[in-house]
Amino acid sequence: MKYTICELFAGVGGFRVGFEKSSSDWKTVWANQWEPSKKVQYAFECYKSHFETSGGINEFSNMDISKVPEEHIPKHTILVGGFPCQDYSVASTGAKGIQGKKGVLWWEIERILEAKRPPFVLLENVDRLLKSPSTQRGRDFGIIINCLAKLGYAVEWRVINAAEYGFQQRRRRTFIFAVHNTTNYYKELENQSVYEELQNLGFFSSILMWKLFQVKQ
Ligand SMILES: C[S@@+](CC[C@H](N)C(=O)[O-])C[C@H]1O[C@@H](n2cnc3c(N)ncnc32)[C@H](O)[C@@H]1O
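Below, the structure is looked at part by part. Residue numbers here run from 1 along each chain, matching the order of that chain's written sequence. This being a predicted model, a pLDDT of at least 70 is required before a residue's local features are given, and a value of 80 or more before pairs of side-chain atoms are given or counted; all residues contribute to the totals for chains, interfaces and linings. By convention in this description, side-chain values take in all heavy atoms of the structure and omit both hydrogens and water.

1. Focus on the site of the ligand
Spelled out, the test is: Whether a residue is near a molecule or strand is decided by its heavy atoms; if any one of them lies within 4 Å of it, the residue is near. Nitrogen and oxygen atoms within 3.5 Å of one another constitute a polar contact, given that in protein one can donate a hydrogen and the other can accept it, and given that sequence-neighbouring residues count only through two side-chain atoms. A 1.4 Å probe that fits into a set of points on a 1 Å grid over the protein atoms alone but cannot get out defines a cavity; an open set with protein on both sides within 12 Å along at least five of seven lines defines a pocket, and lining residues are those with an atom within 4 Å of a point. Molecule-in-pocket calls rest on the fraction of atoms, with more than half required to lie within 2 Å of the cavity or pocket grid points. Gly is placed with the polar residues, together with every amino acid not listed as nonpolar (Ala, Val, Leu, Ile, Met, Phe, Trp, Tyr, Cys and Pro) or charged (Asp, Glu, Lys and Arg).
The ligand sits among 17 residues. The nearest are Val-12, Gly-14, Gln-33, Trp-34 and Asp-64. Taking Val-12, its main chain carries an N or O atom lying 2.9 Å from an oxygen atom of the ligand. Trp-34 places a main-chain nitrogen or oxygen 3.0 Å from a nitrogen atom of the ligand. When each cavity is represented as a set of grid points, the ligand is found to reside in the largest pocket. For the shell around the ligand, the residue count by class is nine nonpolar, six polar and two charged.

Structure below.
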């Protein structure tokens, strides 16, 4: 094992499956999943039964993340998580965005990043996150980027539609990738122009096809 993963809001382990299938260098060292106000924790049980054999039971946590002290979380190379999205629904008039009951979970991510400062972060949310809240479009995403920048991270993001990558489902998701300023990766990108970084060398552009379409005048 070379690189370690901390999976927050783990659900049934989508991030874990992706990372660990991509290379045996990746190992999930801690995961947290908790369904608020549910006596039976189906997602957690499913996660545990799937991954129990690949690590010790202590790596699974079934507690409200806001109640988990940072000291209980081991150091890790990357923090990943698809944080709950109900409060980023711009269609629903009651959605309060980052101030809502679910939206406040962003602050748990921030708390853990502040304590652990992992070199890399990969987060996922609905595409509407970019426009939330409906009364002040874009505010919440601005807050998230600002928090990451204050903690020393450079941030890249991309809206990815699964249907454009061979999946039979239209599923548009905002992915946020952040890299800490203490890493070599950050230093390498720092020497490139923003254009070069975003078009060719960045996290998303190096994985996903990107074409430059010239607009005819
Ligand atoms: C959008 S889903 C993530 C799905 C996940 N990426 C997967 O592959 O299944 C968000 C998850 O966060 C969990 N969650 C909600 N509030 C939580 C809290 N306070 N603490 C920990 N987990 C929470 C939900 O139960 C849900 O499974």
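2. Comments concerning the nonpolar core
The test is simple: By nonpolar core is meant a set of buried Ala, Val, Leu, Ile, Met, Phe, Trp, Tyr and Cys residues that side-chain atoms within 4.5 Å join together. Residue exposure (1.4 Å probe, protein chains only): buried if accessible area is under 20% of the type maximum, exposed if over 50%, otherwise partly exposed. Helix and strand labels come from DSSP, where a helix needs a run of H or I of at least four residues and a strand needs a run of E of at least two; each type is numbered from the N terminus. Should any heavy atoms of two residues lie within 4.5 Å, those residues are considered in contact.
The biggest cluster of nonpolar side chains holds 28 residues, and the ones touching the most others in it are Leu-8, Leu-79, Phe-83, Trp-106 and Ile-109. For this core, the elements supplying multiple residues, two or more each, are β1 (3–8), α3 (106–116), β5 (120–126), α4 (139–150) and β7 (172–180). With residues up to four places along the chain from it excluded, the contact list for Trp-106 reads Phe-83, Tyr-88, Ile-98, Leu-123, Ile-144, Cys-147 and Leu-148. One finds Phe-15, Trp-26, Val-80 and Phe-177 within the second-largest nonpolar core, a separate group that totals 13 residues.

3. Some details on helix α2 (residues 42–51)
What counts is decided by this rule: Throughout, the arc means that of the directions going from the helix axis to the C-beta atoms.
Among the residues of α2, those classed as buried are Ala-43, Phe-44, Tyr-47 and Phe-51. Relative to the axis of α2, the buried residues are bounded by an arc of 100° and lie together on one face. Opposite the buried face of α2, at more than 90 degrees from it, the exposed residues are Tyr-42 and Ser-49. The inward-facing, buried residues of α2 contact β1, α1 (14–22), β2 (26–32) and β3 (60–61).

4. Things to note about the sheet that holds β5
Two strands in a sheet stick together by hydrogen bonds in their backbones, pointing the same way (parallel) or opposite ways (antiparallel). This is how it is decided: What makes two strands pair is DSSP finding at least two bridges between them.
On the basis of which strands lie adjacent, the open sheet formed by seven strands has the order β3-β2-β1-β4-β5-β7-β6 and mixed pairing. On the outer flanks of this sheet lie β3 and β6 (153–161), each paired with one strand and no other. Two strands pair when backbone bridges link them, and strand β4 (residues 78–82) and β5 are joined in this way by five bridges, in the parallel orientation. Counterpart to Ile-78 in the pairing with β5 is Phe-120.

5. Some remarks on the layout of surface pockets
Quick reminder of the rule: Grid points are joined across faces, edges and corners, and a volume is the space filled by probe spheres set on the points.
In this structure, the largest pocket spans a volume of roughly 1500 Å³. As for the largest pocket, its lining consists of 46 residues, and the residues nearest its centre are Phe-9, Phe-15, Gly-82, Phe-83 and Glu-124. Along the lines of polarity and charge, the residues of the lining of the largest pocket split into 26 nonpolar, ten polar and ten charged. Roughly 240 Å³ of volume is contained in the second largest pocket. Lining the second largest pocket are Tyr-3, Phe-19, Trp-26, Thr-77, Ile-78, Phe-120, Leu-122, Phe-177, Tyr-185, Phe-203, Ser-206 and Ile-207. Looking at the lining of the second largest pocket, the elements that each hand over two or more residues are β5 and α7 (203–207). Among the elements that take part in the lining of the second largest pocket, α7 stands out by supplying three residues, more than any other. Residue classes in the lining of the second largest pocket are distributed as ten nonpolar, two polar and no charged.

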